[in-house]
Amino acid sequence: MRKIACSFFLVCAFAGAQWINQPIAGAPRNADGTVNLKGPLPPPLYGKPDLSGVWQAKGTPRAANGLFGLGESENSKYFRDVLSDFPPNERPLTPEGVERARRNQQADLGGNPSVNCLPDGTPHGDFLPEPFKVIQTPSEIVLLYEVETTFRQIFTDGRKQLVDPSPSWNGYSVGHWEGDTLVVDSIGFNDRSFLDARGTPHSSDMRVEERFRRIDYGHLEVTVTITDPKTFTKPIKFTEVLEMLPDTDLFEHYCLENEKDGRAAKANAAK
């Protein structure tokens, strides 16, 4: 069943008269009629593994009064901190990365791009406590993110990666298949987005590799490698398993429609 989605800046999408109980045709089902998320993989799509569906990173419990503990949704540890696998005294940040992280963490809400309804960027958007939808075609794969009702295009038509792209929030993505895994290469980012809720920065030289592999009917494994010599002393790599949200669809979500946190933070800072 689709839950109310509530992001860390407390803008919620409420379930009303929307397609939240629309059965997926051909899905494996349990005796009670629910989708069997551990069921067999769907048939290939256009001769490739079928990655289509509505996916969301699985949440992990948080400590009392933990980061963004007021939100209703549990969220991935990599949403909270892409360096969560490293001990606090071994975080592989360059001096520039340390300084930018310090500034981001000390900034009020008005300095957080997501709170100001700007895009979450890549790969942060993959691990939000709100879903995204994969639409797969023979020549490209489109990711539709519920947050900010935004999108990414991953071109699988054989085109080469850009040489000198104009900086953008989500970068420019080309993909190819290695067996059952979609490998996505993305470059051309601006340096304005945070990599996580903690405020870990990145530079415009960042390169992101995402490897998407559908494990079974309802689970999608995503392995991310972030390379950014200006920010990190070595490439950052981690793996998360996303879970399908079955028999439902995305909601429209525009942060600016009812955004108050950023404006309030700016007003308080001006006092």
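What counts, and at which threshold
Per chain, residue numbering runs from 1 following the sequence as it is written. In keeping with the model being predicted, local features are shown solely for residues with a pLDDT of at least 70 and side-chain atom pairs are shown and tallied solely at 80 or more, while totals for entire chains, interfaces and linings include all residues. Only heavy atoms go into the side-chain values, all of them from the structure, while hydrogens and water stay out. Every helix listed is a DSSP run of H or I at least four residues long, and every strand listed is a run of E at least two residues long, numbered separately from the N terminus. Throughout this description, buried means an accessible area under 20% of the type-specific maximum (1.4 Å probe, protein chains only), exposed means over 50%, and partly exposed covers the range between. By definition in these notes, contact holds between two residues if any of their heavy atoms fall within 4.5 Å. In these tables, accessible area is a Shrake-Rupley quantity obtained with a 1.4 Å probe, and a residue counts as shielded only by the protein chains included in the view. Note: pLDDT gives the predictor's confidence per residue, expressed from 0 to 100. Two cysteine sulfur atoms make up a disulfide if the distance between them is within 2.5 Å. Here a cavity means grid points, on a 1 Å grid over the protein atoms only, where a 1.4 Å probe fits yet cannot get out; a pocket means an open set of points with protein on both sides within 12 Å along at least five of seven lines; lining residues are those with an atom within 4 Å of a point. Grid points are joined across faces, edges and corners, and a volume is the space filled by probe spheres set on the points. Under the grouping applied here, Gly and all other residues not named as nonpolar or charged are polar, the nonpolar ones being Ala, Val, Leu, Ile, Met, Phe, Trp, Tyr, Cys and Pro and the charged ones Asp, Glu, Lys and Arg. Pairing between strands requires that DSSP locate at least two bridges from one strand to the other. In this description, a line fitted to the C-alpha atoms serves as the axis of each element, helices being fitted only across the stretch in contact, and the angle between N-to-C directions of two axes falls anywhere from 0 to 180 degrees. What qualifies as a polar contact is a pair of N or O atoms within 3.5 Å, subject to a donor-acceptor requirement within protein and to the restriction that residues adjacent in sequence count only when both atoms come from side chains. What we call a nonpolar core is a set of buried Ala, Val, Leu, Ile, Met, Phe, Trp, Tyr and Cys residues that are connected through their side-chain atoms within 4.5 Å. One speaks of a salt bridge when a side-chain nitrogen belonging to Lys or Arg is within 4 Å of a carboxyl oxygen belonging to Asp or Glu.

A.B. asks: Explain the overall build of the chain here, please?
C.D. replies: Secondary structure assignment for the chain yields three helices and eleven strands. In the chain, the succession of α and β elements from N to C terminus is β-β-β-α-α-β-β-β-β-β-β-β-β-α. Per-residue burial over the chain gives 49% buried out of 271 residues. For the chain, the proportion of contacts with a sequence separation of at least 24, taken over those separated by at least 6, is 60%. A total of about 13,600 Å² of accessible surface is found on the chain, and carbon and sulfur atoms cover 54% of it.

A.B. asks: Sorry, what's going on with the environment of Val 35 here?
C.D. replies: If you trace the backbone, Val 35 turns up in the loop between strand S2 (12–13) and strand S3 (53–57). Assessed through its relative accessible area of 8%, Val 35 is described here as buried. Separated by 182 residues in the primary sequence, Val 35 and Tyr 217 place their C-alpha atoms 9.0 Å from one another. With near-sequence residues (within four places) excluded, Val 35 lies in contact with Ala 27, Pro 28, Arg 29, Asn 30, Tyr 217, Pro 246 and Asp 247.

A.B. asks: How do you make sense of the confidence of the model for the chain when you look at a structure like this?
C.D. replies: The predicted structure's coordinates, where accompanied by low pLDDT, should not be read in detail. Of all residues in the chain, 84% have pLDDT values of 70 or greater, and the mean over the chain is 88. Within the model, the stretch residues 3–15 combines pLDDT values under 50 with 41 contacts to residues more than four positions away or in other chains.

A.B. asks: In this structure, what is going on with the state of the cysteines? I would like to understand it.
C.D. replies: A covalent bond bridging the sulfur atoms of two cysteines is what the word disulfide describes. Under the criterion given, the structure shown has one disulfide. Sulfur-sulfur distance for the disulfide between Cys 117 and Cys 255 comes to 1.9 Å. Looking along the S-S bond of the Cys 117-Cys 255 disulfide, the torsion reads about -55°, which is the left-handed sense. Of this pair, Cys 117 sits in the loop between helix H2 (95–106) and strand S4 (132–136) while Cys 255 sits in the loop between strand S11 (236–244) and helix H3 (261–270), and the two are 138 residues apart along the sequence. By relative accessible area, Cys 255 is classed as buried at 0%.

A.B. asks: What's the story with the layout of surface pockets in this structure? I'm lost.
C.D. replies: In this approach a probe as big as a water molecule rolls over the atoms, and the regions it shows empty are the leftover space. Estimated volume of the second largest pocket: approximately 410 Å³. Lining the second largest pocket are 26 residues; nearest its centre among them are Ile 24, Ser 52, Gly 53, Tyr 217 and Met 244. Elements represented by at least two residues in the lining of the second largest pocket include exactly S3 and S4. Class assignment of the residues belonging to the lining of the second largest pocket gives a composition of 16 nonpolar, five polar and five charged.

A.B. asks: Mind showing me how you'd approach the sheet that holds S3 here?
C.D. replies: Pairing between the strands of a sheet is mediated by backbone hydrogen bonds and can be parallel or antiparallel. Ordered in space as S3-S4-S5-S6-S7-S8-S9-S10-S11, the nine strands form a closed barrel in which the pairing is mixed. On average, each strand axis in the sheet is inclined to that of its neighbour by 30°, with strand direction left out of account. Of the pairings in the sheet, the one linking S4 to strand S5 (residues 140–145) comprises five bridges and is antiparallel in character. When the bridges of S5 are listed, Lys 133 appears paired with Leu 144.

A.B. asks: I'm lost on the side chain of Glu 210 in this one. Help?
C.D. replies: Summarising the element assignment, Glu 210 is placed in strand S9 (residues 207–216). Within the local environment of Glu 210, its side chain forms a polar contact with the side chain of Arg 152, the two groups lying 2.9 Å apart. Apart from the residues within four sequence positions on either side, Glu 210 is in contact with Thr 122, Pro 123, Asp 126, Arg 152, Leu 182, Val 183, Val 184, Ser 186, Thr 223 and Val 224.

A.B. asks: How do you make sense of the nonpolar core when you look at a structure like this?
C.D. replies: Most often, soluble globular proteins have nonpolar side chains that are buried together. In terms of nonpolar packing, the biggest core is built from 39 residues, with Phe 127, Ile 226, Phe 238 and Leu 242 touching the most fellow members. Those elements that place two or more of their residues in this core are S3, helix H1 (77–80), S4, S5, strand S8 (181–187), S9, strand S10 (219–227) and S11. With sequence-adjacent residues up to four places away left out, Phe 127 is seen in contact with Ala 57, Ser 76, Phe 79, Val 222, Val 224, Phe 238, Glu 240 and Leu 242.

A.B. asks: Got a minute to help me understand empty space enclosed by the protein in this structure?
C.D. replies: Enumeration according to the criterion identifies three cavities of 30 Å³ or more in this entry. Empty space within the largest cavity amounts to approximately 70 Å³. Lining the largest cavity are Pro 119, Asp 120, Gly 121, Gly 125, Leu 128, Tyr 145, Val 147, Glu 148, Thr 150 and Asn 170. Split into classes, the residues belonging to the lining of the largest cavity amount to four nonpolar, four polar and two charged. Here the second largest cavity defines a volume of roughly 50 Å³.

A.B. asks: Whenever I open this one, the pattern of salt bridges confuses me. Can you help?
C.D. replies: Opposite charge on two side chains allows them to pair when their charged atoms are near. Scanning the model with the defined rule gives 15 salt bridges in all. In this structure, the salt-bridge partner of Arg 211 is Glu 209, at a minimum N-O distance of 4.0 Å. Its relative accessible area of 25% is what places Arg 211 among the partly exposed residues. Among the residues examined, Glu 209 registers a relative accessible area of 29% and is labelled partly exposed. One network of salt bridges, with partners in common, ties together Asp 81, Arg 91 and Arg 198.

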